[in-house]
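Observations on the model geometry
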Amino acid sequence: MSSLFKSQMLDEIRQQPEALERTLAHQVRQIAKFRAFLEKRKPRLVVIVARGTSDNAAQFGRYLIEIMTGIPVSLAAPSVHSIYGASVDYRDALIVGISQSGESTDISAVMEQARRSGAMTVGITNEPKSTLANMAEHVFLVRAGREKSVAATKTYTGQLMSLYLLAHALGAKIPLADLEAIPAAAQAALELESGIAEIADGYAAIRSAAVVARGLNYANAFEFALKMMETSYVVAERFSAADFLHGPIAMADHELPIFMFGPSGPAWASLHETLEKLRALRAKTLIVTDRSNREAAKYASTVIRVPVRLRELYTPIPYIIPAQLFAASLAHAKGLDADQPRGLRKVTSNL
């Protein structure tokens, strides 16, 4: 049985409620001032630049900001600057750099050109003395504490919290009181740890998988897949539910496990359709959901249900925690050390 094993990754997963509370408490102090600044200089466009796990957080930011504010969001391709040396017109844009370490060279290259072209710049990082923190005009510090595990967990959820606050500053109707309830929902998700470890034992033999989501949880599909690739060496593909039905579903059978994030709300109709087709194909499906979605159990092989009722808008942080626990437990079930994945180190400073 996989429960009660020790790992740095698992310890940091458990630290997330407190890290989220700290991040929110410290950032709320500056958010009103930043919101007033943006009311005088509203950007025509938001461009987010990131790599790795931070790029998955950026994907969430794109959906969140566009849905809640109507401001178009682009995800930057750092190679445009770092490899090709192209000059991009960022005037009247808000450029948001996201980096756990704040030391990614290619992100710094984008931020540097953005400032030269007159853009507003924001840095989201866990390191107050980093290059990114020094370079950006406005800094949102993730107060997660030093993250030692190679696989990022608490910095990812801290970045998501920071993006909620950024959306709030851009005019989104996201009450701060709603954000203050997220750490408790994260704590509720942690209560599932032992049950998730038992579930992960049943997946110890898998070598490949697919992760499916839609909308606000699409970023979590990328993050869950990345965690399984990093810690368990599982070839994990990730898909929007819409794209999955346009071809990749042909892969589905009883040998390819399908993982899904299934909140109630606008995305559920598409996810429900996907689950019905997967059931007809006798695929093995596991869905992460919460108490507001009672239908999920009718269609999925296994349900991991966060023991609270959540609006879809606030599901991404509580939903990724069971996925993180699953990835850590799967590595243990496979006899692998999630804290020392082969070929990886904590900071990757690529161009």
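The structure under discussion appears in the preceding block.
Everything numeric here is computed off the predicted structure, so don't read it as measured data.

1. What about the environment of Leu-75?
Note on placement: Leu-75 falls in strand S2 (residues 73–75). Accessibility expressed as a relative area gives 25% for Leu-75, which makes it partly exposed. Along the backbone, Leu-75 and Glu-255 are 180 residues apart, and their C-alpha atoms lie at a distance of 34 Å. For Leu-75, the contacting residues outside a window of four places in its chain are Ile-48, Ala-58, Gln-59 and Arg-62.

2. Brief notes about helix H2 (residues 16–40)
Helix length check: H2 (25 residues) gives 35 Å between terminal C-alpha atoms against 36 Å at 1.5 Å per residue, within 8%. Along H2, the sharpest change in direction is near 40° and occurs at Val-28. Among the residues making up H2, those that are buried are Gln-16, Pro-17, Ala-19, Leu-20, Thr-23, Leu-24, Gln-27, Ile-31, Phe-34 and Leu-38.

3. Let's talk about the pairing of strand S9 (residues 285–290)
The element S9 is largely enclosed, with a buried count of six among its six residues. The side-chain alternation of S9 yields two buried faces, one formed by Thr-285, Ile-287 and Thr-289 and the other by Leu-286, Val-288 and Asp-290. Where strand S8 (residues 258–261) lies against S9, four bridges are found, and the strand directions are parallel. The residue bridging Phe-259 from the neighbouring strand is Leu-286, located in S9. With five bridges joining them, S9 and strand S10 (residues 302–306) adopt parallel strand pairing. Within the sheet, the bridge partner assigned to Thr-289 lies in S10 and is Arg-305.

4. Things to note about the environment of Lys-298
Structurally, the position occupied by Lys-298 is in helix H14 (residues 296–299). Overall, the relative accessible area of 56% leaves Lys-298 in the exposed class.

5. What about the packing of H2 against helix H9 (residues 182–190)?
For the pair H2 and H9, the least separation of the axes is 8 Å and the interaxial angle reads 170°. With respect to their mutual orientation, H2 and H9 come out roughly antiparallel. Along the contact surface, H2 presents Pro-17, Glu-18, Leu-20 and Glu-21, while H9 presents Ile-182, Pro-183, Ala-186, Gln-187 and Leu-190. For the contact of H2 with H9, a count of residues per class yields six nonpolar, one polar and two charged.

6. Overview of the pairing of strand S6 (residues 208–213)
A regular strand places its side chains so that they alternate between the two faces of the sheet. Burial of S6 is extensive: five of the six residues sit out of reach of the surface. Sheet topology places S6 next to strand S7 (residues 235–240); six bridges connect them, and they run parallel. Across the sheet, the residue bridging to Ala-213 is Ser-240, located in S7. Note that the unit made of S6, helix H11 (residues 218–232) and S7 has a crossover that is right-handed. The sheet contact formed by S6 and S8 spans three bridges and is parallel. Of the residues in S8, the one forming a bridge with Ala-210 is Ile-258.

7. Here's the deal with H9
Note: α-helices contain 3.6 residues per turn, so residues at a spacing of three or four share the same orientation. Within H9, seven of the nine residues are buried, which leaves it mostly tucked inside the rest of the structure. All of the buried residues in H9 are Ile-182, Pro-183, Ala-185, Ala-186, Ala-188, Ala-189 and Leu-190.

8. Focus: the packing of aromatic side chains
Evaluation of the coordinates by the stated rule reveals 13 aromatic pairs. Note on Phe-34 and Phe-37: the rings are 6.1 Å apart at their centroids and 15° apart in plane angle, and the pair reads as stacked. Remark: Phe-37 and Phe-34 occur in helix H2; sequence separation between them is three residues, near one turn of the helix. Between the aromatic rings of Tyr-63 and Tyr-218, the centroid separation amounts to 6.1 Å while the plane-to-plane angle is 75°, which identifies the pairing as edge-to-face. Of this pair, Tyr-63 sits in helix H3 (residues 52–69) while Tyr-218 sits in helix H11; the two residues are 155 residues apart in sequence, bridging distant segments of the chain. Looking at Tyr-218, the relative accessible area reads 13%, which means it is buried. Through a chain of ring-to-ring contacts, three or more aromatic side chains come together here, namely Tyr-203, Phe-224, Phe-259, Phe-261 and Phe-326. It is Lys-284 that lies over the ring of Tyr-203; its NZ or CZ is 3.9 Å from the centre.

9. Some remarks on the nonpolar core
Residues Tyr-164, Met-228, Phe-259 and Phe-326 are the most contacted members of the largest nonpolar core, which totals 85 residues. In terms of residue count, the dominant contributor to this core is helix H15 (residues 316–333) (eleven residues). In this structure Phe-259 touches Tyr-203, Ile-206, Ala-209, Ala-210, Val-211, Val-212, Phe-224, Met-228, Leu-286 and Phe-326, once residues within four positions along its chain are discounted. Formed by 20 residues, the second largest nonpolar core is a distinct cluster that contains Ala-267, Leu-271, Ala-283 and Tyr-299.

Cut-off values and rules
- Just so you know, the residues in each chain are numbered from 1, in the order the chain's sequence is written.
- Since the coordinates come from a predicted model, pLDDT governs what is reported: local features require at least 70, and pairs of side-chain atoms require 80 or more to be given and counted, while whole-chain, interface and lining totals use all residues.
- Side-chain calculation: all heavy atoms of the structure are included, whereas hydrogens and water are not.
- Going along the chain from the N terminus, every DSSP run of H or I of four or more residues is numbered as a helix, and every run of E of two or more is numbered as a strand.
- Type-normalised accessible area, obtained with a 1.4 Å probe on protein chains alone, sets the label of each residue: buried when under 20%, exposed when over 50%, and partly exposed for intermediate values.
- Any two residues whose heavy atoms approach within 4.5 Å at even a single point are treated as in contact.
- Helix span, expected: 1.5 Å multiplied by one less than the number of residues in the helix.
- Note on bend: the value at a residue is the angle between axes fitted to the seven residues ending there and to the seven starting there.
- The pairing criterion is simple: DSSP has to find at least two bridges between the two strands.
- Fitting a line to C-alpha atoms yields each axis, with helices limited to the stretch in contact; the angle taken between N-to-C directions then spans 0 to 180 degrees.
- Here the angle decides the label: under 35 degrees means roughly parallel, over 145 means roughly antiparallel, 65 to 115 means roughly perpendicular, and every other value means oblique.
- Ten residues, namely Ala, Val, Leu, Ile, Met, Phe, Trp, Tyr, Cys and Pro, are considered nonpolar, four, namely Asp, Glu, Lys and Arg, are considered charged, and the remaining ones, Gly among them, are considered polar.
- Call a crossover right-handed when, viewed with both strands pointing away from you, the route from the first strand across the helix to the second goes clockwise.
- Each aromatic pair joins two rings of Phe, Tyr and Trp (for Trp, the six-membered one) with centres within 6.5 Å, and gets the label stacked for planes under 30 degrees apart, edge-to-face for over 60, and tilted for any other angle.
- By definition here, charges over rings are those cases where NZ of Lys or CZ of Arg is within 6 Å of the ring centre and within 35 degrees of the ring normal.
- In this description, a nonpolar core means a group of buried Ala, Val, Leu, Ile, Met, Phe, Trp, Tyr and Cys residues linked to one another through side-chain atoms lying within 4.5 Å.

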